[in-house]
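Residues per chain, in single letters:
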Amino acid sequence: MQIDYTKYENGLVPAIIQDSITKNVLMLGYMNEEAFLKTNQTKKVTFFSRSKNRLWTKGEESGNFLKLISIKVDCDNDALLIQATPQGPTCHKGSDTCWKEENISNFGFLSKLEEVIEDRKNDLENEKSYVSSLFRDGMNKIAQKVGEEAVEVVIEAKDTNDDLFLNESADLLFHYLILLQAKGFELSDVEKVLRNRHN
């Protein structure tokens, strides 16, 4: 890996720390060549602290280490993207990230869809909402819809119409997200189970 330590003052390059699972950005630090080498050797992310003027391993005082997973260098060879597993809050002020955000999984549009479903769940009087009507009808109706959509996915899987298969798959996933919330869970809870099985 070629890293150009000459572009910035004092031979430091910016190092963006990203959670290897959630993909959230946790913090920004700086590395010189010595910090880079120590990070690779110890598998604990180590920076060069500009305020302390020395190498500093994240977590050396708090115990909240960043376990190294991978390092990538950008196209100009002067910035690093480090994927790590945080062993506790990353920010020295106690938050998960240095942007005061929770380090939770985000599934893009599916997370937005979960927010819409939760909103409809909390608005049972909405006569125009299909989702609200399912929550009004209760668990049996929601579970029945998931079963119906699952059967339709199986039927379309045995056919050759990809559009129908994808549409039925979308229907199944949508109704499954509703079922999860009806049971008091979210997609992240299922992700945790799968992650534990993987480990």
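Nothing here was measured: the structure is a model prediction, and the numbers come from that model.

A. Seen up close, the overall build of the protein chain. From N to C terminus, the protein chain includes 6 helices and 6 strands. In terms of overall dimensions, the protein chain is more spread out than a globule: its C-alpha atoms have a radius of gyration of 23 Å, far above the 16 Å expected for 199 residues. Oriented by its inertia axes, the alpha-carbon framework of the protein chain measures out at about 65 × 40 × 30 Å. By the burial criterion, 37% of the 199 residues in the protein chain qualify as buried. Restricting the contact set of the protein chain to residue pairs at least 6 apart, pairs at least 24 apart contribute 46%. Accessible surface, the protein chain as shown: approximately 12,500 Å² in total, 51% of it carbon and sulfur. Put simply, the protein chain has 25 plus and 33 minus side-chain charges, and the middle of one group is 8 Å from the middle of the other.

B. Region of interest: a nonpolar patch on the surface. A surface patch of nonpolar side chains, amounting to about 350 Å² of accessible area, comprises Ile16, Val25, Leu28 and Trp99. Summarising the element assignment, Trp99 is placed in the loop between strand E6 (80-86) and helix H2 (109-121). On the basis of relative accessibility, which here comes to 48%, the residue Trp99 falls in the partly exposed class.

C. Just helix H3 (residues 130-137), in detail. Buried within H3 we find Val131, Ser132, Ser133, Leu134 and Phe135. Elements in contact with the buried residues of H3: H2, helix H4 (139-157) and helix H5 (162-182). Of the residues that open H3, the one with a side-chain oxygen 3.3 Å from the backbone nitrogen of Val131 is Ser129.

D. Up close: the sheet that holds E6. Taking strand neighbours across the sheet as the criterion, the 4 strands line up as E2-E1-E6-E5 in an open arrangement whose pairing is mixed. The strands lining the two open edges of the sheet, one partner per strand, are strand E2 (25-31) and strand E5 (66-73). Taking the axes of each pair of neighbouring strands and ignoring which way they run, one obtains an average angle of 30° across the sheet. Where strand E1 (residues 13-19) meets E6, 5 bridges bridge the pair, whose relative direction is parallel. When the sheet's bridge partners are listed, Ile17 is paired in E6 with Ile82. The strands touched by helix H1 (residues 33-42) within the sheet are E2, E5 and E6, with E5 carrying the most contacts at an inclination of about 125°.

Procedures and definitions
Residues numbered from 1 in each chain as written. Predicted model: local features only at pLDDT ≥ 70, side-chain atom pairs only at ≥ 80, totals over all residues. Heavy atoms only, no water. Helix = DSSP H or I, 4+ residues; strand = E, 2+ residues; numbered from the N terminus. Rg over C-alpha atoms; globule rule 2.2 N^0.38 Å. Buried < 20%, exposed > 50% of the residue type's maximum accessible area, 1.4 Å probe, protein only. Contact = heavy atoms within 4.5 Å. Areas by Shrake-Rupley, 256 points an atom, 1.4 Å probe, with all protein chains shown as cover. Lys, Arg positive; Asp, Glu negative; His and termini not counted. Charge placed at Lys NZ, Arg CZ, Asp CG, Glu CD. Patch = residues over 30% accessible without salt bridge, like charges linked within 9 Å, V, L, I, M, F, W, Y side chains within 5 Å. Salt bridge = Lys/Arg side-chain N within 4 Å of Asp/Glu carboxyl O. Polar contact = N/O pair within 3.5 Å; in protein donor to acceptor, adjacent residues only side chain to side chain. Pairing = 2+ DSSP bridges. Axes fitted to C-alpha atoms, helices over the stretch in contact; angles between N-to-C directions.

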